[in-house]
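# Summary of structural features
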Amino acid sequence: MALNNIWVFAQIANGTPTSSTLELLSKARSLTSNVVAFLGADGGNAAAALGEFGATKVYATGDLGGALPGVAVAGAMKAVIDAGETPDLVMFPQNYEGRDVMARLSVKLDKTVITNNVDIAESGDGVTVTTPIFGGNTLVNTAFTGAAPFLAAFRPKSFAAESAGGPAAAVTSVSVPDAGAAKVTAVHVEETSGPKLDEADIVVSGGRGLGEASNYSLIEELSKLLKAAPGASRAIVDAGWVPYSFQVGQTGKVVKPNVYIAVGISGATQHMVGMKGSKNIIAINKDKEAPIFGVADLGIVGDAMKVVPKLIEALKGR
Amino acid sequence: MNVIVCVKQIPDPAVPGALDGSTNTLKRDGKLILDDSDAYGVEMALQLVDKAGGGEVSLVSMAPNSETSGLRTALAMGAAKGVLVSDPALQGSDALTTAKILAAAVQRLGGADLIIAATESSDGYTGTVPEQMAEVLGLPSVTFAKKVSVENGALKVDRQTESGYDEVTCPLPALISVTAGVVEPRYPSFKGIMAAKSKPVEEVKASDLGVTPVGWEGAGQKIASVTQAEARQAGEVIEDDGETFGKIVEFLENLKVI
């Protein structure tokens, strides 16, 4: 079927559209010429950037004033649909807010949701999305059945964000019928120095093989020397060694750096999904059967606590 | 305070997953265990009920073949009772149908002050079921809770965000999804395991809950094809002899990143 009208759930961080938003807009404009960026925020400042990447219209709720987007934005979307405009497809980023909004909207519209996708295609009279499973070794192509709108969430970095040079998109205000009972009372930002995990050219991640929490300082030191972003496996995030914002993997950040160094990480499916797209992978792990060696360009079978200090010394001496 | 926890019984994650060749759905016909992610929710519920000084923890689950082994683990931890929805008609159900079924199971238990789920299951990881359940039940919700308490009859939650966390307040009744690590799950005691054997688990079918259509018929999706991704080739793997750090330096030099 032809996709004539696509909505993208758009997000803004620090005044500019997030990279996921720009990726989804880029893909959407390759499928149709009517692309709506649906914002759970004030639209004015972002209209230029959203238009540049392919949005032809912006629907903006205005500041949510502490309401959670799940209830608020899904309600706003439903209200526009009830007023007569039906999108063929609504694209969501696979993240906290994206999942909440699509879940609420799916119940309001009684439509299925397909999550964790990396691609979408029009195929004959249908629309098919692609989801990697089993750590990305198997790709499942799923077709939507029934009537539009179709709801799909896409993993970060599934599409390239490319400027279309489009003009600023016209902003239409939409109302929020229900802000929901939950309220955000305070926002905490966990400060990190150095390059951002999902944008860094080099990422150095640590896992259980480091032995104990205090040894994570080696990862930080190595990162600093390489101008890399430090990352972590889910295991040590769950264990409380480092904040969640360090987590690489299915439930954390998806990274595709030039070089990924996995230190003491065995390579559970959960982790591999988040880093397998890296250009070059170096792995250090005690267990030579560890799955991480199956994707590493250079694998060192050894104790991370012996290899990394020597590597740090060698780099310092340069 | 009464709390209902949604628990999923999944194939052992240590065993490599496989697809059923005829339906292209995940094979779930072997022995199932309690999803690790759900142990955190069960623990959280037990602690909240304990702090409130009264009430009980109940469970809802949807699984094939009348499977209860994962439910028994949660009962052994201290939950009082459960509702299991097991019905061949449910095979092929999408996340929305699953949410409707679990929401109906919650209502069969008479609802609760708080409903807890994991953020996503470890086998299917669609990650939308808790929020969909909240919408079906008409409840407020806070997803990705990493710290939870009840003060003056309302929830106080630290909610995970991309850049840190938000403090969120929410009146009860409500639904939350909790992250792994929110609390340290207890191990069932021997006494708990023995007691779990006689705790009540009511088994019902989709029709008992009045949810239709379900399974493939209710799903707004169908699997068109399954293909193998291009496999990444493994490179050089060497045993550390005390000098392999030099190999890493050389590798980085060749890439011109140092």
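See above for the structure.
Residue numbers restart at each chain and count upward from 1, following the sequence in its written direction. Starting at A for chains and at 1 for ligands, labels are handed out in the order in which the entities are written. Given that the model is predicted, a residue must reach a pLDDT of at least 70 before its local features are reported, and side-chain atom pairs must reach 80 or more before they are shown or counted; all residues, however, enter totals for whole chains, interfaces and linings. Heavy atoms from the whole structure form the basis of all side-chain values; hydrogens and water molecules are not counted.

Moving on, we come to the overall build of chain A. Runs of H or I in DSSP of at least four residues are treated as helices and runs of E of at least two as strands, each being numbered from the N terminus. Within chain A one finds eight helices and 18 strands. The C-alpha radius of gyration computed for chain A amounts to 21 Å, which stays within 12% of the reference 20 Å derived for 318 residues, consistent with globular compactness. Its C-alpha atoms give chain A principal-axis dimensions of roughly 65 × 45 × 40 Å. For every residue, the accessible area obtained with a 1.4 Å probe (protein chains only) is divided by the maximum for its type, and the residue is called buried under 20%, exposed over 50%, and partly exposed between those limits. The buried share among the 318 residues of chain A stands at 58%. Contact criterion: two residues are considered in contact whenever any of their non-hydrogen atoms come within 4.5 Å of each other. Residue pairs in contact within chain A that sit at least 24 positions apart in sequence constitute 64% of those at least 6 positions apart. A radius of gyration in this sense is built from C-alpha atoms; the matching globule rule multiplies 2.2 Å by the number of residues raised to 0.38.

Attention now moves to the sheet that holds strand β6 (residues 114-118) of chain B. An order of β13(A)-β9(B)-β8(B)-β7(B)-β10(B)-β6(B)-β1(B)-β4(B)-β5(B)-β11(B) is seen for the ten strands of this open sheet, with the pairing classed as mixed. Each having just a single partner strand, β13 (183-189) of chain A together with β11 (201-204) of chain B make up the two edges of the open sheet. Taken pair by pair, the neighbouring strands of this sheet meet at an average axis angle of 25 degrees, ignoring direction. Here strand β1 (residues 3-6) of chain B pairs with strand β4 (residues 57-62) of chain B via four bridges, running parallel. In this description, strands pair whenever DSSP reports at least two bridges between them. To obtain an axis, a line is fitted to C-alpha atoms, over the contacting stretch when the element is a helix, and the angle between two such axes runs from 0 to 180 degrees between their N-to-C directions.

Attention shifts here to the nonpolar core. Note on terminology: a nonpolar core comprises buried Ala, Val, Leu, Ile, Met, Phe, Trp, Tyr and Cys residues joined through side-chain atoms within 4.5 Å. Counting 51 residues, the largest nonpolar core has A:W7, A:F38, A:M77, A:F92, B:I115 and B:M133 as its most contacted members. It is helix α3 (residues 95-108) of chain B that contributes the most residues to this core, eight residues altogether.

At the interface, 74 residues of chain B touch 80 residues of chain A. As a working definition, buried area equals the accessible area (1.4 Å probe) given up by two parts on being put together, with both sides summed. Across the chain B/chain A interface, buried area totals approximately 6,800 Å², and carbon plus sulfur atoms make up 55% of it. When the buried surface of chain B facing chain A is broken down by residue, B:Y125, B:E135 and B:R232 rank first, second and third, together holding 12% of it. In the sections that follow, a salt bridge refers to a side-chain nitrogen of Lys or Arg positioned within 4 Å of a carboxyl oxygen of Asp or Glu. Run the count over chain B and chain A and you get eight salt bridges. Across the pair B:R232 and A:D297 runs a salt bridge, and its minimum N-O distance is 3.0 Å. Polar contact is defined as a pair of N or O atoms within 3.5 Å, subject to the rule that within protein one atom must be able to donate a hydrogen and the other to accept it, and that residues adjacent in sequence are counted only when both atoms are side-chain atoms. Our count for the contact surface shared by chain B and chain A stands at 39 residue pairs in polar contact (both at pLDDT 80 or more). Residue assignment for the side of chain B that touches chain A shows that the elements contributing at least two residues are α3, α4 (129-137), β7 (141-151), β8 (154-160), β9 (164-171), β12 (221-228), β13 (236-239) and α8 (245-254) of chain B.

A few words on α4(B). At 3.6 residues per turn, the α-helix brings residues three or four places apart onto the same side. Residue and element names in this part refer to chain B. Summarising burial for α4: eight of the nine residues are buried, a large majority. Where α4 is concerned, the buried positions are V129, P130, E131, Q132, M133, A134, E135 and L137. Positive backbone phi, approximately 70 degrees, marks G138, located one or two places after α4.

With that settled, the discussion passes to unusual backbone geometry. Leave glycine aside and you will find that most residues have negative phi; peptide bonds, for their part, are mostly trans. With an omega of 5 degrees, the peptide bond running from A:A148 to A:P149 counts as cis. With respect to the helices, strands and loops of the structure, A:P149 is situated in the loop between β10 (138-144) and β11 (150-154). The step from B:L172 to B:P173 runs through a cis peptide bond, and the omega angle for that step is -5 degrees. For B:P173, the location among the structural elements is in the loop between β9 and β10 (174-178). One non-glycine residue, A:D110, lies in the positive phi region at around 55 degrees. Secondary-structure assignment places A:D110 in the loop between α4 (96-109) and β7 (113-117). A residue is classified by how much of its surface remains accessible, and A:D110, at 47% relative accessible area, is partly exposed. We note that A:K157 has phi near 65 degrees; this positive angle belongs to a residue other than glycine.

A separate point is the side chain of A:R99. Mapped onto the secondary structure, A:R99 falls in helix α4. By relative accessible area, A:R99 is classed as buried at 6%. Ignoring anything within four residues of it in the chain, the contact list for A:R99 reads A:P93, A:Q94, B:T119, B:E120, B:T126, B:G127, B:T128 and B:F144.

One pass over the structure, following the stated rule, counts 18 salt bridges over all chains. In this structure, the salt-bridge partner of A:R104 is B:E131, at a minimum N-O distance of 3.0 Å. Residue A:R104 is found in helix α4, and its partner B:E131 is found in helix α4; the two belong to separate chains. An identical accessibility class is assigned to A:R104 and B:E131; each is buried. Each member of the salt-bridge network shares a partner with another, and the members are A:R104, A:K108, B:E131 and B:E135.

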